[in-house]
Amino acid sequence: MTTKAIRIHTNGGPEVMHWEDVPTPEPAPGEALVHHAAVGLNYIDVYFRTGLYKTTLPAVPGMEGAGTVVAVGDGVTLVKPGDRVAYAGGPIGAYATERAIAADRLVKLPDAIDFNTAAAMMLQGMTAQYLLRRTHAVKAGETIVVHAAAGGVGLIMCQWAKFLGATVIGVVSTPQKAELARQNGAHHTIVGRADLPAEVKRITGGAMVPVVYDSVGKDTFIASLDCLAPLGLMVSFGNASGPVPPVDMGLLNARGSLYLTRPSLGTYTARRADLERVANDLFDVVQKGAVKISVNQTFPLREAAAAHIALESRKTTGSTVLLP
Ligand SMILES: NC(=O)c1ccc[n+]([C@@H]2O[C@H](COP(=O)([O-])OP(=O)(O)OC[C@H]3O[C@@H](n4cnc5c(N)ncnc54)[C@H](OP(=O)(O)O)[C@@H]3O)[C@@H](O)[C@H]2O)c1
């Protein structure tokens, strides 16, 4: 039995991804075999493809999927064949029509959430959840800065932070993306990064902000620190422009005893209880309509290279789903 999958044999550009036959995995004890209805596209898939994040090759990229359980290995009680499920997080291997995965990484989908929405939202939405509810528990009345505000994580964060009562300053690269961020809850938008601290100063009347959520990395690190009020928290959670070089701790001291964290979804959902709590919180805000998931692009899974090109060239907005 074979399954179709995108595989990489070397690190490099989108062209290293190939649509191949791979043996259909047998679920090992504790695993479930999931037939994917939809696979999520995430920026982390680019880091694994380029080699910024290391993995053993050949490899099937992808960290997120939604579909139906078709078989389970010994000892699995959390799910059974026929269950509608979704997951996000490692190990990689989602760019395939079917994959085996530890059953305790799966969550059952509420009937109201379709597969495309699930594949679009599990990784980006659970990330928004932990960033806004735990890394810094956003409070009503706070003003926060969200980078890449029209992207996958960004559009979800804008809506969710507004729902929590925060004022969102969204940073984007074009006026069109600014409009989209505003439609999704950003109260203020800043196009480009040249005047970022000055713009934040103007918008906040000089107070600056208690937290900056920066997924851009290298290009925005210093400007983001300059947006923080004393004792503020810099959340550096991505590297779309490249990784942040080693940090001189004096930068935090000079700007008023700042805090700095470099979080990952994996840590925040490592325990099953945390995974369920984070996923249920996401299902809750989506089902009550406080957060709408924008699947603004779909590609056939076999054309994952085209999806990567679109994502890396900043042509996508919201979430993107790959269809097996
Ligand atoms: N740590 C975690 O737990 C975690 C989890 C999920 C995602 N992330 C990170 O969050 C970020 C967003 O992920 P996503 O999947 O939702 O992607 P995305 O935001 O939909 O796409 C990336 C966006 O980054 C912006 N960007 C800024 N500089 C860029 C550059 N040099 N090259 C490409 N894009 C650039 C672009 O928006 P503009 O054109 O508006 O600048 C682009 O649309 C990524 O950095 C990802 O690694 C982290």
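Up top is the structure.
Residues numbered from 1 in each chain as written. Predicted model: local features only at pLDDT ≥ 70, side-chain atom pairs only at ≥ 80, totals over all residues. Heavy atoms only, no water.

Student: A description of the site of the ligand should follow, citing residues and the corresponding values.
Tutor: Taken together, the neighbourhood of the ligand is formed by 30 residues, with Tyr47, Tyr130, Ser173, Lys177 and Phe237 sitting nearest. Measuring from an oxygen atom of the ligand, one finds a side-chain N or O atom of tyrosine 130 at 2.6 Å. Backbone polar atom of valine 153 to an oxygen atom of the ligand: 2.8 Å apart, as the coordinates give it. Burial of the ligand by the protein chains amounts to 92% of its free accessible area of 900 Å². Contributions of two or more residues to the shell around the ligand are made by α1 (43-50), α2 (115-135), α3 (152-163) and α10 (304-312). Among the elements that line the shell around the ligand, the one with the most residues is α2, at four residues. Of the residues in the shell around the ligand, the class split is 13 nonpolar, twelve polar and five charged. (Near = heavy atom within 4 Å. Polar contact = N/O pair within 3.5 Å; in protein donor to acceptor, adjacent residues only side chain to side chain. Areas by Shrake-Rupley, 256 points an atom, 1.4 Å probe, with all protein chains shown as cover. Helix = DSSP H or I, 4+ residues; strand = E, 2+ residues; numbered from the N terminus. Nonpolar A, V, L, I, M, F, W, Y, C, P; charged D, E, K, R; others polar.)

Student: Explain the environment of valine 22 to me, using residue names and the numbers behind them.
Tutor: Structurally, the position occupied by valine 22 is in strand β2 (residues 17-23). Residue valine 22 is classed as buried on the basis of its relative accessible area, which comes to 11%. In sequence terms valine 22 and valine 79 are 57 residues apart; their C-alpha atoms lie 25 Å from each other. Discounting chain neighbours no more than four positions away, the residues touching valine 22 are Met1, Thr2, Thr3, Ala5 and Arg7. (Buried < 20%, exposed > 50% of the residue type's maximum accessible area, 1.4 Å probe, protein only. Contact = heavy atoms within 4.5 Å.)

Student: Got a sec to walk through the pattern of salt bridges? Specific residues and values, please.
Tutor: Counted according to the given criterion, the structure contains 18 salt bridges. For lysine 80, the salt bridge goes to aspartate 83, with nearest N and O atoms at 3.0 Å. For lysine 80, a relative accessible area of 48% translates into the label partly exposed. We note a salt bridge from lysine 139 to glutamate 142, for which the minimum N-O separation is 3.4 Å. Connected through shared salt-bridge partners, Arg134, Arg271, Asp274 and Arg277 make up one network. (Salt bridge = Lys/Arg side-chain N within 4 Å of Asp/Glu carboxyl O.)

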